[in-house]
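Chain residues, written in single-letter form:
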Amino acid sequence: MFSLDDTLYEIMKKHPEALDFFIANGFEQLKNKQLLNLMGKNITLKTALITKKINQELFIEKLETFLKKDADIDVSLEESKANENSDLIIEGVLPCPIRIPLLEGIKEWVNNQNEKNDYTISYNLKSANLGLDWVVEKVKTRNPDKVSDVLISAGFELFFDKNLMGQYMENGVFETHIENMNSDFCNENIDLRDPKKRYVIMGVVPAIFLVNKTSLGNRKVPETWSDLLSEEYEDSVALPMADLDLFNALLANLYKDFGMDGIHKLARSYKKSLHPAQMVKARTRTPEAPAISIIPYFFSQMIDGTGDLEAVWPKDGALLSPIFMITKKEKADKIKPFIDFFMSNEIGTIFSANGKFPSTNPNVNNHLEPHQNFKWVGWDFIYSHDIGKIIRECEETFNSDVQKTFAE
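About the criteria used
- Residues numbered from 1 in each chain as written.
- Predicted model: local features only at pLDDT ≥ 70, side-chain atom pairs only at ≥ 80, totals over all residues.
- Heavy atoms only, no water.
- Helix = DSSP H or I, 4+ residues; strand = E, 2+ residues; numbered from the N terminus.
- Contact = heavy atoms within 4.5 Å.
- Areas by Shrake-Rupley, 256 points an atom, 1.4 Å probe, with all protein chains shown as cover.
- Phe/Tyr/Trp six-rings, centres within 6.5 Å; stacked < 30°, edge-to-face > 60°.
- Buried < 20%, exposed > 50% of the residue type's maximum accessible area, 1.4 Å probe, protein only.
- Polar contact = N/O pair within 3.5 Å; in protein donor to acceptor, adjacent residues only side chain to side chain.
- Core = buried A, V, L, I, M, F, W, Y, C linked by side-chain atoms within 4.5 Å.
- pLDDT = per-residue confidence, 0-100.
- Salt bridge = Lys/Arg side-chain N within 4 Å of Asp/Glu carboxyl O.
- Expected span 1.5 Å × (residues − 1).
- Bend = angle between axes of the 7 residues up to and from the residue.
- Pairing = 2+ DSSP bridges.
- Right-handed = clockwise from strand over helix to strand, strands pointing away.
- Axes fitted to C-alpha atoms, helices over the stretch in contact; angles between N-to-C directions.
- Parallel < 35°, antiparallel > 145°, perpendicular 65-115°, else oblique.
- Left-handed = near helix turned anticlockwise from the far one by under 90°.

## Overview of the overall build of the protein chain
Part 1: Scanning the protein chain from N- to C-terminus turns up 15 helices and nine strands.
Part 2: For the protein chain, the share of sequence-separated contacts (at least 6 apart) that also reach a separation of at least 24 residues comes to 78%.
Part 3: When the accessible surface of the protein chain is totalled, it reaches about 18,600 Å², and 46% of it is carbon and sulfur.

Pasting the structure below:
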């Protein structure tokens, strides 16, 4: 299928579907096609994994499994594009590492439902790294009939922007609620249940710190999110810029805690002394590599436990980027079976065990230790602020600060 001596370019040329896997597993830079064409021809898989300090055996096993499953269901994915004439349309994006096993379950469920019901169901659930532009175009029509009956997505931008989904929410078009929730997300410190019963959070993408001890030098290992804003980490922190949902969650949380001053300090900490192409080349054992990287918890599985890299779960909690589901109120009867299925133990287990995206299903064991708590912006803050506007202003401030640094 492929070997460690194959270049990244050769692998992508032979298996175009592998690009999603690489992007979701530590190679966000490959989103840049120019970079892939330029550097991918000169970097072997072995070199890339060594550079990233990724466990080779584990990575290859997961990639082979991904390619096999993707090949097995590729035809069904083409057939599953949402039919606008269907009675129930399900659309959105799913986290890349667990999209394939989730789609396998969804395909079987939809086929069974279409056989026994007098109404038809179709779906189109793409990889999260592809974005939501195709959904946004429908939302912008301001016509509820053009918007899917069920929407699934991570992050805040689409659902909480008053100029996008906000208009439908305020008019009561969507209403979704679950009462019982996993105790990991419903306790004295956190409650992910929406008090207005508009959104359901099915699972979360937690973000933690990946510390490079060589690059960190004599500086202390950061323990909290506020630590990252310290002057000692100036030009030292790699941010999840390619993962817009996670980056926006970071901006929203820091703005809530520290206001715009926190965004200015984040821009100061951002590792900006290297061009992205140089960062791909930079060995993790060199001081040029970022001292701290903010990464999804899932990626920490790729660390082999040796060397200079250390995964750190922040004391004030892993940052949450929630995976939301919203459903149309007028089709509640037809949608309820899908909600029951998607909030089932089977799907919850795929989220938690296979993808390390903890599930909110109350019956699923997320295998979290007592210290693995979460940092959540909170419903009170969401409903008392224009989250879409805040994120746009934070992005503008952050980008402006970074550009000033490059101009100096």
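Don't stop here, the text continues.
## Let's talk about the packing of aromatic side chains
Part 1: For the coordinates displayed, the defined rule picks out 26 aromatic pairs.
Part 2: Centre to centre, the rings of W109 and F338 are 5.4 Å apart; their planes meet at 65 degrees, and the pair counts as edge-to-face. With W109 in helix α6 (residues 96-116) and F338 in helix α12 (residues 332-342), this pair connects stretches of sequence that are 229 residues apart. Each member of the pair W109 and F338 is classed as buried.

## Some details on the side chain of K375
Part 1: Take K375: it is sitting in strand β9 (residues 374-375).
Part 2: A relative accessible area of 12% means that K375 is categorised as buried.
Part 3: A polar atom in the side chain of K375 sits 2.5 Å from the side chain of D257.

## Topic: the nonpolar core
Part 1: Counting 107 residues, the largest nonpolar core has I152, F156, F342 and W376 as its most contacted members.
Part 2: At 10 residues, the largest contribution of residues to this core is made by strand β4 (residues 200-212).
Part 3: In this view, F342 contacts L94, I106, I152, M202, I347 and F351; residues no more than four positions away in its chain are not counted.
Part 4: Ranked by size, the runner-up nonpolar core spans 21 residues in total, among them I54, I60, L63 and L67.

## A word on the confidence of the model for the protein chain
Part 1: Here the protein chain averages 83 in pLDDT, and 86% of its residues register 70 or above.
Part 2: Ignoring residues within four places in sequence, the model shows residues 274-287, a span with pLDDT below 50, making 31 contacts including any to other chains.

## A closer look at the pattern of salt bridges
Part 1: Counting across every chain of the model gives 14 salt bridges.
Part 2: E170 serves as the salt-bridge partner of R198, at 3.5 Å between the closest nitrogen and oxygen. Of this pair, R198 sits in the loop between α8 (166-170) and β4 while E170 sits in helix α8, and the two are 28 residues apart along the sequence.
Part 3: Residue R198 is classed as buried on the basis of its relative accessible area of 14%.
Part 4: We note a salt bridge from D257 to K375, for which the minimum N-O separation is 2.5 Å. Of this pair, D257 sits in helix α10 (residues 244-269) while K375 sits in strand β9; the two residues are 118 residues apart in sequence, bridging distant segments of the chain.
Part 5: The structure contains a network of salt bridges with shared partners spanning D149, K328 and K331.

## Things to note about α6
In an α-helix, one turn spans 3.6 residues; hence positions three or four apart end up facing the same way.
Part 1: Over its 21 residues, α6 runs 31 Å from end to end, which matches the ideal 30 Å to within 8%, given 1.5 Å per residue.
Part 2: A bend of about 30 degrees at L102 is the largest found in α6.

## Some words on the environment of K46
Part 1: Tracing the chain through its elements places K46 in helix α4 (residues 45-51).
Part 2: Given a relative accessible area of 39%, K46 falls into the partly exposed group.
Part 3: When the C-alpha positions of K46 and D5 are compared, they lie 6.3 Å apart, and in sequence the two are 41 residues distant.
Part 4: Not counting residues within four places of it along the chain, the set of residues in contact with K46 comprises L4 and Q56.

## Observations regarding the pairing of strand β2 (residues 121-127)
Part 1: Of all the seven residues making up β2, six are buried; the element is thus mostly covered by neighbouring parts of the structure.
Part 2: Sheet topology places strand β1 (residues 88-94) next to β2; seven bridges connect them, and they run parallel. Within the sheet, the bridge partner assigned to E91 lies in β2 and is N124.
Part 3: Chirality of the crossover, the property in question, places the unit of β1, α6 and β2 among those that are right-handed.

## Some remarks on the packing of α6 against α12
Part 1: Relative to each other, α6 and α12 sit at 150 degrees, their axes nearing to 12 Å. By the angle between their axes, α6 is roughly antiparallel relative to α12. Pair α6 / α12 crosses with right-handed handedness. When α6 is examined against α12, the residues G105, I106, W109 and Q113 are found in contact with a partner set consisting of P337, F338, F341 and F342.

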